[in-house]
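Coordinate analysis (summary)
Here is how the chains run, residue by residue.
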Amino acid sequence: MRPPLPVLLPEAYEKHCPWDSNQRLNDWVKIRILELSYAAYDIVAFAADHGERGFPCPWDEERRFWLRAELDAAYFHLYRLPRDDVDYVMDTFRAFRNNDSDRFTRTKKAILEIYDAMADAIHTGEPHRTVLDPPPGHGPRHPACPTE
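Summary of the structure given here. Fair warning: this is a prediction, and the values are worked out from it, not measured in the lab.

This brings us to a nonpolar patch on the surface. Taken together, the side chains of L5, V7 and Y79 make up a nonpolar region of the molecular surface, amounting to roughly 330 Å² of accessible area. You can see Y79 is positioned in the loop between α3 (61–78) and α4 (83–91).

Shown next, in the form of structure tokens:
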């Protein structure tokens, strides 16, 4: 018998987020993935297939950093990794740590801070608040595509 794949079952995405019972996991993840991926007019059709009707999001490294950190922290929770294990897993990215130690340190710190904030939200039942302002899915947009 094959071992199970290390992926969440599709039905997990239909449940509410453990850190925000007001949102389904599918919606929480989707708005972040769309904001990260929908950064150019050439993928308007892809975005529309996922319910996005606005213009593409401009490439903003700082905003993208925090979107990725939120997703990473969320998936550590979804895979039920204890904080000590998250810390350990982050340290296993030796090439990243060795080649860009300042960026590695910042990334690890951000993920752990968000992980801790999500853990608090899970424990208290109070929804997790994103560090992004405006929140994911409400960020800046490109202007209308100029006509050719």
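As a further point, take the side chain of H77. Residue position: H77 is located in helix α3. Separated by 2.8 Å, the side chain of H77 and the backbone oxygen of Y115 make a polar contact. In this view, H77 contacts W19, Y115, M118, A119 and I122; residues no more than four positions away in its chain are not counted.

All right, on to the pattern of salt bridges then. Within the structure shown, the criterion is met by twelve salt bridges. Between R83 and D116 there is a salt bridge, with its nearest N and O atoms 2.7 Å apart. A residue pair is termed long-range when its members are at least 10 positions apart, and R83 in helix α4 and D116 in helix α6 (residues 101–124) qualify at 33 residues. Judged by its relative accessible area of 33%, R83 is partly exposed. Residues K108 and D87 are paired through a salt bridge, measuring 2.5 Å at the closest nitrogen-oxygen approach. Here D87 lies in helix α4 and K108 lies in helix α6, a separation of 21 residues in the sequence. Among the ionic contacts, a cluster of salt bridges with common partners joins D87, D91, R97 and K108.

Remark: helix α1 (residues 25–37) packs on α3, axes separated minimally by 10 Å, with the N-to-C direction vectors making an angle of 150°. Between α1 and α3, the angle is such that the two are roughly antiparallel. Crossing of α1 against α3: the hand is left-handed. Taking contact as the criterion, the partners of L25, W28, V29, R32, I33, E35 and L36 in α1 are, on α3, R63, R64, L67, R68, E70, L71, A74, Y75 and L78.

Conventions and cut-offs
One numbering rule holds for all chains: residues counted from 1, following each sequence as written. In view of the model being predicted, local features appear only for residues whose pLDDT reaches at least 70, and side-chain atom pairs are presented and counted only at 80 or more, with totals across whole chains, interfaces and linings using the full set of residues. Remark: hydrogens and water are excluded; side-chain values derive from all non-hydrogen atoms of the structure. Only residues whose relative accessible area exceeds 30% and that form no salt bridge enter a patch; like-charged residues are grouped when within 9 Å of one another, and nonpolar side chains (Val, Leu, Ile, Met, Phe, Trp, Tyr) when within 5 Å. In these tables, accessible area is a Shrake-Rupley quantity obtained with a 1.4 Å probe, and a residue counts as shielded only by the protein chains included in the view. When a carboxyl oxygen of Asp or Glu is within 4 Å of a side-chain nitrogen of Lys or Arg, the pair counts as a salt bridge. Put simply, DSSP marks the helices as runs of H or I at least four residues long and the strands as runs of E at least two long, and each gets a number from the N terminus on. Contacts described as polar in this section are N or O atom pairs within 3.5 Å, which, within protein, must combine one atom able to donate a hydrogen with one able to accept it, while residues neighboring in sequence count only if both atoms come from side chains. The contact definition used throughout considers only heavy atoms, calling two residues in contact when any of these lie within 4.5 Å. Residue burial is assigned from relative accessible area. The probe radius is 1.4 Å, only protein chains are included, and a residue is buried under 20% of its type maximum, exposed over 50%, and partly exposed in between. Axis definition: a line fitted to C-alpha atoms, limited for helices to the stretch in contact. Angles are taken between N-to-C directions and run from 0 to 180 degrees. These descriptions rest on fixed angle ranges, namely under 35 degrees for roughly parallel, over 145 for roughly antiparallel, 65 to 115 for roughly perpendicular, and the rest for oblique. The crossing is said to be left-handed when, going from far helix to near helix, the turn is anticlockwise and less than a right angle, and right-handed when the turn is clockwise.

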